[in-house]
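For reference, the chains in residue letters:
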Amino acid sequence: METAQSRQPAAPGAFTSFARFVLCGGGVGLASSFAVAVLASWIPWMLANALITAGSTLLATELHARFTFGAGGHATWRQHAQSAGSAAAAYAVTCAAILALHRLVAAPGAVLEQVVYLSAAALAGVARFAVLRLVVFARKCSQVAATVPTARPVHATVARDSAPTAPAVLCHA
């Protein structure tokens, strides 16, 4: 008999998870882009991006654990660490995009920087979704097996003929 405490909520489907990911991660990302722009007026852009990325990753990981992927509670330290790894890759993508922009355009405006930053963040976000869904918040087979009741083993005796050894007999096609 299964108790209510041992039951784990069903994981949402891929489409539902992606919609929640866009809502949570996109909302945090959009707020972060404006925070980076404001902070970058006082400190170097890369440092501002690093600080905002660290804070927004902590917030987004908690939101993804509780809401996006239905993990059923707080994110674990392991999940935070793995999420930070995918965020570091996203940070590298956004930094590379902004550096490329500054190489191509001598004095880009704030709107162009935001467009480039958000475009790079969106591309990195799709990759992050895959990593978070398939690795960080993936349900382990042992967890699923623990919630599925198993049937009693069936013992049967099967009589077997000797196996044919000729290749033509083995492959009827």
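The present account deals with the structure reproduced in this document. (Residues numbered from 1 in each chain as written. Predicted model: local features only at pLDDT ≥ 70, side-chain atom pairs only at ≥ 80, totals over all residues. Heavy atoms only, no water.)

**Remarks on the side chain of glutamine 114**
Then, in step 1: Along the chain, glutamine 114 falls in helix H4 (residues 110-136).
Then, in step 2: A relative accessible area of 17% places glutamine 114 in the buried class. (Helix = DSSP H or I, 4+ residues; strand = E, 2+ residues; numbered from the N terminus. Buried < 20%, exposed > 50% of the residue type's maximum accessible area, 1.4 Å probe, protein only.)

**Looking at the packing of helix H3 (residues 77-104) against H4**
Then, in step 1: In contact at an axis separation of 9 Å, H3 and H4 are set at 155° when each is read in the N-to-C sense. In this view, H3 runs roughly antiparallel relative to H4, as classed from their interaxial angle. Helix-helix and strand crossings are classified by hand; for H3 and H4 the assignment is right-handed.
Then, in step 2: Split into classes, the residues belonging to the contact of H3 with H4 amount to 16 nonpolar, six polar and three charged. (Axes fitted to C-alpha atoms, helices over the stretch in contact; angles between N-to-C directions. Parallel < 35°, antiparallel > 145°, perpendicular 65-115°, else oblique. Left-handed = near helix turned anticlockwise from the far one by under 90°. Nonpolar A, V, L, I, M, F, W, Y, C, P; charged D, E, K, R; others polar.)

**Description of the packing of aromatic side chains**
Then, in step 1: Throughout the structure, instances matching the rule amount to five aromatic pairs.
Then, in step 2: The aromatic ring of phenylalanine 67 is capped on one face by arginine 20, whose charged end is 4.9 Å from the ring centroid. (Phe/Tyr/Trp six-rings, centres within 6.5 Å; stacked < 30°, edge-to-face > 60°. Lys NZ or Arg CZ within 6 Å of the ring centre and 35° of its normal.)

**A look at the pattern of salt bridges**
Then, in step 1: Under the counting rule described, the total for this entry stands at one salt bridge.
Then, in step 2: The residue glutamate 62 makes a salt bridge to arginine 66 at a minimum N-O spacing of 3.3 Å. Here the residue glutamate 62 and the residue arginine 66 both occupy positions in helix H2 (residues 45-68), the gap between them amounting to four residues, near one helical turn.
Then, in step 3: Residue classification places arginine 66 among the partly exposed positions, given a relative accessible area of 49%. (Salt bridge = Lys/Arg side-chain N within 4 Å of Asp/Glu carboxyl O.)

**Comments concerning the nonpolar core**
Then, in step 1: Among the nonpolar cores identified, the biggest contains eight residues, and these are Phe21, Ala65, Phe69, Ala75, Phe129, Leu132, Val136 and Phe137.
Then, in step 2: Examining the composition of this core, we find that three residues originate from one element, H4, more than from any other.
Then, in step 3: Discounting chain neighbours no more than four positions away, the residues touching valine 136 are Arg78, Gln79, Gln82, Ser83 and Val131.
Then, in step 4: Among the nonpolar cores identified, the runner-up in size contains six residues, and Val36, Trp45, Ile52 and Tyr117 belong to it. (Core = buried A, V, L, I, M, F, W, Y, C linked by side-chain atoms within 4.5 Å. Contact = heavy atoms within 4.5 Å.)

**Quick notes on a nonpolar patch on the surface**
Then, in step 1: A contiguous nonpolar surface patch, about 240 Å² in accessible area, is contributed by Phe18, Val22 and Val126.
Then, in step 2: Topologically, valine 22 is positioned in helix H1 (residues 14-39).
Then, in step 3: Among the residues examined, valine 22 registers a relative accessible area of 44% and is labelled partly exposed. (Patch = residues over 30% accessible without salt bridge, like charges linked within 9 Å, V, L, I, M, F, W, Y side chains within 5 Å. Areas by Shrake-Rupley, 256 points an atom, 1.4 Å probe, with all protein chains shown as cover.)

**Points about the side chain of histidine 80**
Then, in step 1: Residue placement: histidine 80 occurs in helix H3.
Then, in step 2: Of note is the side chain of histidine 80, whose polar atom sits 3.0 Å from the side chain of glutamate 62.
Then, in step 3: Ignoring any residue separated from it by four or fewer positions in sequence, one finds histidine 80 in contact with Leu58, Thr61, Glu62 and Ala75. (Polar contact = N/O pair within 3.5 Å; in protein donor to acceptor, adjacent residues only side chain to side chain.)

**So, H4**
Then, in step 1: If you check H4, its first and last C-alpha atoms are just 34 Å apart, much less than what 27 residues at 1.5 Å a residue would give, namely 39 Å.
Then, in step 2: Every buried residue belonging to H4 is among Gln114, Tyr117, Ala120, Ala124, Gly125, Arg128, Phe129, Leu132 and Val136, and all of these are buried.
Then, in step 3: Its buried side turned inward, H4 meets H1, H2 and H3. (Expected span 1.5 Å × (residues − 1).)

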